[in-house]
Amino acid sequence: MITGHIKSRIDQIWNAFWSGGISNPLEVIEQITYLLFLRRLDDLHTLEENKSARLGRPMERRVFPEGNDGIGKDGGRPYDDLRWSRFKHFAPVDMYAVIGEHVFPFLRNELARQHGGDDSTYAHHMKDARFTIPTPALLAKVVDLLDAVPMEDRDTKGDLYEYMLGKIAGAGQNGQFRTPRHIIRLMVELTAPQPTDVICDPACGTAGFLVAAGEHLRERHPNLLHDARLREHFHHRMFHGFDFDHTMLRIGSMNMLLHGVENPDIRYRDSLAQDHAGEEEKYTLVLANPPFAGSLDYENTAKDLLQIVKTKKTELLFLALFLRLLKAGGRAAVIVPDGVLFGSSTAHKQLRRMLVEEHKLDAVVKLPGGVFRPYAGVSTAILLFTKTNSGGTDQVWFYEVAADGWSLDDKRTPLLPEDKLGPVPRAPLSEDEHAKNNLPDLLARWAQRSGAERERPRTAQSFCVPKADIAAQGYDLSLNRYKEVVHEAVEHRAPKEILAELAKLEEEIQRGMKELEGMLK
Amino acid sequence: MTDTYPKKQLGDVVEFLDSMRRPVTESDRRAGEYPYYGANGLQGTIDDFIFDEPLLLLAEDGGHFGSPDRGIAYRVSGKTWVNNHAHVLRPKACVDLGFLCRVLENYDVTPWVTGTTRGKLTQAGAAQIVVPLPPLPEQRRIAEILDKADALRAKRRAALAQLDTLTQSIFLDMFGDPATNPKGWPKKPFGEVCETRLGKMLDQKQQTGQNRRPYLRNANVQWFRFDITNLLEMDFDEDERRILRLQPGDLLICEGGEPGRAAVWQGEIEECYFQKALHRARPDRRLAAPDYLAWLLWFLVKRGGLSGVTSATIAHLTGEKLAVLPTMLPPVDLQRLFVCRVAGIKTLATNQRASLHQLDALFASLQHRAFRGEL
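Parameters and conventions
Residues numbered from 1 in each chain as written. Chains lettered and ligands numbered in written order. Predicted model: local features only at pLDDT ≥ 70, side-chain atom pairs only at ≥ 80, totals over all residues. Heavy atoms only, no water. UniProt positions renumbered as here; feature names shortened; annotations may be inferred. Helix = DSSP H or I, 4+ residues; strand = E, 2+ residues; numbered from the N terminus. Buried < 20%, exposed > 50% of the residue type's maximum accessible area, 1.4 Å probe, protein only. Contact = heavy atoms within 4.5 Å. Areas by Shrake-Rupley, 256 points an atom, 1.4 Å probe, with all protein chains shown as cover. Buried area = accessible area lost by both parts, 1.4 Å probe. Salt bridge = Lys/Arg side-chain N within 4 Å of Asp/Glu carboxyl O. Polar contact = N/O pair within 3.5 Å; in protein donor to acceptor, adjacent residues only side chain to side chain. Nonpolar A, V, L, I, M, F, W, Y, C, P; charged D, E, K, R; others polar. Disulfide = S-S within 2.5 Å. Expected span 1.5 Å × (residues − 1). Pairing = 2+ DSSP bridges. Axes fitted to C-alpha atoms, helices over the stretch in contact; angles between N-to-C directions. Parallel < 35°, antiparallel > 145°, perpendicular 65-115°, else oblique. pLDDT = per-residue confidence, 0-100.

- Naming follows an unreviewed UniProt entry, where chain A appears as site-specific DNA-methyltransferase (adenine-specific) of Allochromatium tepidum.
- Note on chain A: under the UniProt heading Catalytic activity (unreviewed entry), the record states "a 2'-deoxyadenosine in DNA + S-adenosyl-L-methionine = an N(6)-methyl-2'-deoxyadenosine in DNA + S-adenosyl-L-homocysteine + H(+)".
- Taken from UniProt, the Sequence similarities (unreviewed entry) comment for chain A reads in full: "Belongs to the N(4)/N(6)-methyltransferase family."

Okay, here's the thing in structure tokens:
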């Protein structure tokens, strides 16, 4: 949890950027990310220093080498000057020169090289780091403000970065937008990641799904990090995120870092365009909310995806991709636009048939239309499926989310106090509160999908549909296709009654006209 | 206005209580037992009140100043709350509230309205409005006459509203609710009851300007009637004219927009065709009467019976979906009887609408004369 005090400090940093001339929120985040990274490097270095002092041995790993960096006159600046703890005390003009002319070249060149084998994700994404803070004054102010933010605690760091990421929400282009955290958490809860899972988000953006999966694991499997093998897996092999936007990659990897994952695999991949040799059947869990905008040319689409389904539609190609990435037995929770559920093109039908007949479609969770407001008004659903290559769909569970805890207009104001929001609220919800936040109920019923839920009528908020019914509907997966509406008996008056009423009115009109006539005489 | 009655400025005959008003943001307003009024009447309810007496409210901003027929003043009484979009007028002893309301309700106040985008009638402006002021008993007589005439209009409107529900009532009485089919009539897929097809796709590039013919599009098809005030035209070649020409008794059904909205073509114009956004259904007359089917669709659309067929998001009633629509089929003789009754109601409604029109004219005429002293 971060306090209001820290929040207002972060807000101050943003305001400083705004008034300092950087108004693109993505750029602000990027520059802050670099500075946070520098602060971390300094902390790592200090840690090593302390260790060596304590043990009376020379330092095992130096982030900042000894001597000077050799840039400029007189052999350049001492590497020590590039440390956060040093330059934060410099005069603004000097600090600006050090960061622009020495620190950033260090980030771009030296860091990756001197680490040798350890080219961590973070160092990797710093290769093309650009320093764009325009003035010494702004830099000094931002460094000052950031220095005062407590970064010792992993939870705080992560929440803090999340809070900042909340500010870039408006930067959606090409169909990208930030998935609301409670929807991410819901999908993570539904798939319950295990310590041995290999998790992939092929359109990871700020790595929200991976971060939430990591947090979930720490919370539900507290011993995870005490087991050397699992810890190694967690830090180096569990998390995989792809994106084709370098800024997002930097931000995504920093998000993971601040949430305490040492070396996640966050890397550049154009998921739909590049061939997937080496990636296919590698993952046991896919969590994603891919951008579903527009269509691609066949020439620019990975051939292996077109073999699965011949289409230009990105949302269908992503579904094909998920199937391709998953190991047999691997599961997925992914957001799709409504059209995927009922679209009538051959590709639509073919993919749905594939999910139902060749794999195991577990559930369709219909989300309310306003979930992605104000960035997009699209209607969406969460598809939950397991790749089996051998079918296995018996009953598909449908749930219609009518309320997710926030108003469904552009404001998205919370409808409940904070401890009653999200899929796993700290306080239990009453019936009335359920009507404002369906997510806890959804989660509870999901667990019952092979039991009590089978008995629920099609008029209920959730119900199961046998595979045969779905096949009979041409694999249409829209909830409305199966939902039955409760018809209230129409209260209608008998025709005689209405006619009597009419006759009475007629008579009154006649009488009224007579009276009026009398008054006008 | 003639000089029959003395004239006064509004500011001289009423007291403005504007300073007592208090606006409440919609989100902060707690619904309650008291009415909450704005420029054009009741806005909602609130849990407190400011005024407790008969008063006249006159729109300040956001009123229908450009079209005073729609009313710019109205009476309130009892415990009320008024926001700052309406002037609050308390008549002085020399003026009757009912009379003043009749004077102001359709008054053309444009000379006193300021502001270009959203007209505003300031208090200073409103105070200058010139009102006729006959002696008090005469005011009351005029108000009484106008009230009487107004009540007649209201009754006529009420009668029309009753007629609107009559057809539904007769349908339900004869056939039951199609969503549940309580009388257990047999059902057939729509495609087996009617021969259906979509109309011609409009292609701007293919237009040669020859053989242009009027055609119906979605907007022209309203429930049970056609709005043919603006028909578009496109080319129809000989084959298309043969296939797509409308005949009386053809049922036209909207594919998008409000999917399922339908009307029966009566030959409103001599030669007409239809566009791709519409289905034309030609029922097998041994099975179904077109007007019955139109009403059946109305019930299905209005009561959600189409929801399993169309999607909630992209609302389209495709040919595929229409063809499988379960269609409740009472005996065709019973359907025809229903159609006869509907026709009877339609005639009645036409007469009543004409009568309402006359009553509106009567009221306007009385109002016009009243304030000139010619009543």
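1. Considering the overall build of chain A
Move 1: What chain A contains, in helices and strands, is 20 helices and 9 strands.
Move 2: Within chain A, the fraction of its 521 residues that count as buried is 52%.
Move 3: In chain A, 71% of the contacts between residues at least 6 apart in sequence involve partners at least 24 apart.
Move 4: When the accessible surface of chain A is summed, it comes to about 23000 Å², and 50% of that surface belongs to carbon and sulfur atoms.

2. A short note on the interface of chain B and chain A
Move 1: Listed as interface residues are 36 residues of chain B and, on the opposing side, 27 residues of chain A.
Move 2: The contact between chain B and chain A buries some 2800 Å² in all, and 68% of this surface belongs to carbon and sulfur atoms.
Move 3: Our enumeration of links across chain B and chain A arrives at 3 salt bridges.
Move 4: The shortest N-O distance in the salt bridge between glutamate 515 of chain A and lysine 148 of chain B comes to 2.2 Å.
Move 5: Inspection of the region where chain B meets chain A yields 4 residue pairs in polar contact (both at pLDDT 80 or more).
Move 6: Breaking the side of chain B that touches chain A down by element, the ones donating at least two residues are α4 (136–175) and α9 (332–370) of chain B.
Move 7: Top contributing element to the side of chain B that touches chain A by residue count: α4 of chain B, with 18 residues.
Move 8: Class assignment for the residues of the side of chain B that touches chain A results in 17 nonpolar, 10 polar and 9 charged.

3. A word on the state of the cysteines
Residues and elements named next belong to chain A.
Move 1: A complete count under the given rule lists 0 disulfides over all chains for this structure.
Move 2: Cysteine cysteine 200 shares no disulfide, and the gap to the nearest cysteine sulfur, in cysteine 204, comes to 8.5 Å.
Move 3: Using a relative accessible area of 0% as the deciding quantity, one classes cysteine 200 as buried.

4. A word on unusual backbone geometry
Move 1: In this structure, glutamate 281 of chain A is a non-glycine residue whose phi angle is positive, near 55°.
Move 2: Position of glutamate 281 of chain A among the secondary structure elements: in the loop between β3 (265–268) and β4 (283–288).
Move 3: Positive phi is not limited to glycine here, since asparagine 181 of chain B has a value of about 45°.
Move 4: Here asparagine 181 of chain B falls in the buried class, since its relative accessible area comes to 11%.

5. Looking at the environment of threonine 327 of chain B
Residues and elements named next belong to chain B.
Move 1: Tracing the backbone through its elements, the reader meets threonine 327 in strand β23 (residues 326–328).
Move 2: Put simply, threonine 327 and proline 178 are 149 residues apart on the chain and 8.6 Å apart in space, counted from C-alpha to C-alpha.
Move 3: Within the structure, threonine 327 has its side chain in polar contact with the backbone nitrogen of phenylalanine 190 (distance 3.3 Å).

6. Let's talk about the side chain of glutamine 335 of chain B
All names here are of chain B.
Move 1: Tracing the chain through its elements places glutamine 335 in helix α9.
Move 2: Glutamine 335 sits in the buried class, given a relative accessible area of 0%.
Move 3: Excluding anything up to four places from it in sequence, glutamine 335 contacts Phe175, Leu287, Ala288, Ala289, Tyr292, Leu329 and Pro330.

7. Let's talk about the pattern of salt bridges
Residues and elements named next belong to chain B.
Move 1: Scanning all chains against the criterion turns up 60 salt bridges over all chains.
Move 2: Across the salt bridge formed by arginine 153 and aspartate 150, the nearest N and O atoms sit 2.9 Å from each other. Placement of both arginine 153 and aspartate 150 in helix α4 is noted, with a separation of 3 residues, approximately one turn of the helix.
Move 3: Between aspartate 360 and arginine 153 there is a salt bridge, with its nearest N and O atoms 3.4 Å apart. Taken together, the positions of aspartate 360 in helix α9 and arginine 153 in helix α4 put the pair 207 residues apart, joining distant regions of the chain.
Move 4: Residue classification places arginine 153 among the buried residues on the basis of a relative accessible area of 15%.

8. A closer look at helix α6 (residues 136–147) of chain A
Move 1: In this model α6 of chain A runs 16 Å from its N-terminal to its C-terminal C-alpha over 12 residues, within 8% of the 16 Å that 1.5 Å per residue would give.
Move 2: Taken residue by residue, α6 of chain A has Leu138, Leu139, Ala140, Val142, Val143, Leu145 and Leu146 of chain A as its buried positions.

9. Concerning the environment of alanine 288 of chain B
Residues and elements named next belong to chain B.
Move 1: With respect to the element layout, alanine 288 can be found in the loop between β22 (278–283) and α7 (290–302).
Move 2: Among the residues examined, alanine 288 registers a relative accessible area of 0% and is labelled buried.
Move 3: With 40 residues separating them along the chain, alanine 288 and methionine 328 place their C-alpha atoms 9.7 Å apart.
Move 4: Excluding its chain neighbours within four sequence positions, the residues that come into contact with alanine 288 are Val193, Pro283, Leu293, Leu329, Val332 and Gln335.

10. Topic: the pairing of β22 of chain B
Both faces of the sheet carry side chains from a regular strand, because those side chains alternate between them.
All names here are of chain B.
Move 1: Most of β22 is tucked away, with 5 of its 6 residues classed as buried.
Move 2: As paired strands, strand β14 (residues 194–198) and β22 are joined by 5 bridges and run antiparallel to one another. Within β22, the residue paired with arginine 197 across the bridge is arginine 280.
Move 3: Sheet analysis places strand β19 (residues 251–254) next to β22, joined by 4 bridges and oriented antiparallel. Counterpart to cysteine 254 in the pairing with β22 is leucine 278.

11. Topic: the sheet that holds strand β9 (residues 462–466) of chain A
Residue and element names in this part refer to chain A.
Move 1: Strand order in the open sheet made by the 9 strands is β3-β2-β1-β4-β5-β7-β6-β8-β9, with mixed pairing throughout. Lying at the two open borders of the sheet, with one neighbouring strand each, are β3 and β9. Neighbour-to-neighbour, the strand axes of this sheet turn through a mean angle of 15°, independent of strand direction.
Move 2: Sitting on the sheet, helix α8 (residues 181–191) touches β4, β5 (326–337) and β7 (380–386), and the angle it makes with β5 is about 150°.
Move 3: Here helix α17 (residues 439–447) sits on the sheet and contacts β6 (360–366), β7, β8 (395–400) and β9; the angle it forms with β8, its principal contact strand, is near 170°.

12. Remarks on the packing of α4 of chain B against α7 of chain B
What describes two packed helices is the angle between their axes and the distance between those same axes.
All names here are of chain B.
Move 1: Viewed as axis vectors pointing N to C, α4 and α7 meet at an angle of 95°, and their least axial separation amounts to 11 Å. The angle between α4 and α7 falls in the class roughly perpendicular. Every residue of α7 that contacts α4 at Thr167, Gln168, Phe171, Leu172 and Phe175 is listed here: Tyr292, Trp295, Leu296, Trp298 and Phe299.
Move 2: Within the contact of α4 with α7, the residues separate by chemical class into 8 nonpolar, 2 polar and no charged.

13. Observations regarding the confidence of the model for chain B
Residues and elements named next belong to chain B.
Move 1: Looking at chain B, the pLDDT average stands at 89 and 96% of residues meet or exceed 70.
Move 2: Confidence drops under pLDDT 50 across residues 310–314; counting only partners more than four residues distant or on other chains, this segment forms 10 contacts.
Move 3: Our summary of model confidence lists the complex with pTM equal to 0.65 and ipTM equal to 0.71.

14. What to know about the environment of leucine 415 of chain A
All names here are of chain A.
Move 1: Tracing the backbone through its elements, the reader meets leucine 415 in the loop between β8 and α16 (431–434).
Move 2: Separated by 11 residues in the primary sequence, leucine 415 and aspartate 404 have C-alpha atoms spaced 9.1 Å apart.
Move 3: Once residues within four sequence positions are removed from consideration, leucine 415 is found in contact with Gly405, Trp406, Ser407 and Lys436.

15. Observations concerning the sheet that holds β22 of chain B
Residue and element names in this part refer to chain B.
Move 1: Judged by pairing direction, the sheet is antiparallel, and its 4 strands sit side by side in the order β14-β22-β19-β20 without closing on themselves. The sheet is open, and its two edges are formed by β14 and β20 (262–264), each paired on a single side. Geometrically, the sheet is characterised by an average inter-axis angle of 20° between neighbouring strands, direction not taken into account.
Move 2: By the bridge criterion, 3 bridges tie β19 to β20 in an arrangement that is antiparallel. Each residue of the ladder has a partner; that of leucine 252, found in β20, is alanine 263.

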